[in-house]
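Residue strings, one per chain:
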Amino acid sequence: MSLAERNPFTLSRWIICWALIGVGSGLFAGLYWNLLELLTHTLRSFSGTSLLIVMPFAGFIIGLIIHLLGHPGEIGLIVDNIHSRGGRIDVRENPSMILTSLVSISAGGSLGPEAPMVQVTGSFGTWVADRLKLTGENLRSLSLAAMAAGFTALFGAPLGGAFFALEILHHQHVVEYYEAILPAIVSSCASYIVFALITHLGLNPTWQFPQYTINNVDDFALSIAYGIVGAIAAWIFISIFRGCAWLFAKIPQPIYIRTTIAGLVLGIIAMLVPLTRYFGHEELNSVVEQNLGAFTLLGIAIAKMIAIAVTVNGEWRGGFIIPLFFTGACLGKAIALLIPGVNPVLPMIAIMAAMNAAVTRTPISTTLLLTKLTGFTPFAPILFASLVGFFLSPKLPFIRSQSRTQNQSPLSTLEIGD
């Protein structure tokens, strides 16, 4: 009898495989984050009118990389590959994704590092599956486990990151590939530990929201009301995005013309509204702590929506989850200031949840992520707002490949031309 057959525990070689994928993903994520921090620290020193030179130049570099190394892909393409290619994520797109995203994010684009982390770690899962000669559900499960590890590294929430990797794949079914739940959770836990050891991030809430306690059942009704506001904001964002996509589609090739123009527009926005620069990881704390006026916050929220749309449609690379959280926080605090006596914490977090759930169709993982990121311990209000955002979202999903419509081309999150 072999050692595996004599093993009296549920522990198996698969668990070790999932954990090793998480370790490898955490190592990449930690190294990527440290390099990103170094570049961002250098480029953050530029401000004011200098951004009108720095950001268009960054855009030109991004376009040149894509022109020379090829299209790096994005979340929408990853979702399509999980459905249509049996979970296979191509490693050949990684060099272009890593380089373009590092320049995009460090220069001040309104996108975060979740997309490059997920694509590179997901392709690592595919690579491991190929080495083990796995196919079908086994291959898909390893790719999803590695994607979950990438999400977790950024958000510092193993359960939320695991569910986000699975939930973002479809616009109706919360978890379609249920067989990948345990691999995703195990891989996420391993990635979380490794990333925290390297960066010392993720052990505490990312954003310093004041403590909030549920006083009565009215708070749940308020969460639903704020969720409706978040859903409306999501519709506005999608409309802005599609208008921006239409404008950028008219820009001729080569691609570095589009990326350079996007850099110029982003430079102008960042010069006029400095808090819109970068993806909101640090800037959201400024929104929480600073005494900004209601109309100032509304202006920042609209400017941020435009900046996200320009960044994505201008072919800069990154993910839009944290930028959406930032936008929702601005709107929530503005509403609290406009209504006397309202504690800003609940509207901020509820609108953050509803807006992201409406755009990404991820109500469960959005709730789990925000609970960890904000330290907001009353779980239920976030869930109520997330569900409202989900059910009031557009029938046609923002990430078109979530719908899996027959004969649908694998458009990105984004619906932009090449």
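Everything numeric here is computed off the predicted structure, so don't read it as measured data. (Residues numbered from 1 in each chain as written. Predicted model: local features only at pLDDT ≥ 70, side-chain atom pairs only at ≥ 80, totals over all residues. Heavy atoms only, no water.)

*Asks:* Before we go on, may I ask you to explain the overall build of the protein chain in this structure?
*Replies:* Of regular secondary structure, the protein chain possesses 17 helices and zero strands. In terms of C-alpha radius of gyration, the protein chain reaches 21 Å, essentially the compact-globule figure of 22 Å for 418 residues. Principal-axis analysis of the C-alpha atoms places the extent of the protein chain at approximately 70 × 60 × 45 Å. Across the 418 residues in the protein chain, those meeting the buried criterion constitute 58%. Residue pairs at least 24 apart in sequence account for 82% of intrachain contacts in the protein chain once pairs closer than 6 positions are excluded. (Helix = DSSP H or I, 4+ residues; strand = E, 2+ residues; numbered from the N terminus. Rg over C-alpha atoms; globule rule 2.2 N^0.38 Å. Buried < 20%, exposed > 50% of the residue type's maximum accessible area, 1.4 Å probe, protein only. Contact = heavy atoms within 4.5 Å.)

*Asks:* For this particular structure, what's the right way to read the packing of helix α5 (residues 94-107) against helix α6 (residues 114-131)?
*Replies:* Relative placement of two packed helices is described by the angle separating their axes and the distance separating the axes. It is the contact of α5 with α6, at a shortest axis distance of 10 Å, that shows an interaxial angle of 160°. On the basis of the axis angle, α5 is roughly antiparallel to α6. Crossing handedness for the pair α5 and α6: left-handed. When α5 is examined against α6, the residues N94, M97, I98 and S101 are found in contact with a partner set consisting of P116, Q119, V120 and S123. Per-class residue counts for the contact of α5 with α6 are four nonpolar, four polar and no charged. (Axes fitted to C-alpha atoms, helices over the stretch in contact; angles between N-to-C directions. Parallel < 35°, antiparallel > 145°, perpendicular 65-115°, else oblique. Left-handed = near helix turned anticlockwise from the far one by under 90°. Nonpolar A, V, L, I, M, F, W, Y, C, P; charged D, E, K, R; others polar.)

*Asks:* Where do I start with the packing of aromatic side chains in this structure?
*Replies:* Where two aromatic rings form a pair, the distance of their centres and the angle of their planes describe that pair. Inspection of the entire model under this criterion finds 15 aromatic pairs. Measuring from ring centre to ring centre gives 6.5 Å for F155 and F164, while their planes differ by 45°; the resulting arrangement is tilted. Both residues of the pair, F155 and F164, belong to the buried class. Seen in terms of ring centroids, F390 and F391 are 5.1 Å apart; in terms of plane orientation they differ by 75°. Their pairing is edge-to-face. We classify F391 as exposed; its relative accessible area is 61%. The ring of Y278 is capped by R44, whose NZ or CZ atom sits 4.3 Å from the centre of that ring. K304 extends its terminal NZ or CZ atom over the ring of F326, reaching a point 5.2 Å from the ring centre. (Phe/Tyr/Trp six-rings, centres within 6.5 Å; stacked < 30°, edge-to-face > 60°. Lys NZ or Arg CZ within 6 Å of the ring centre and 35° of its normal.)

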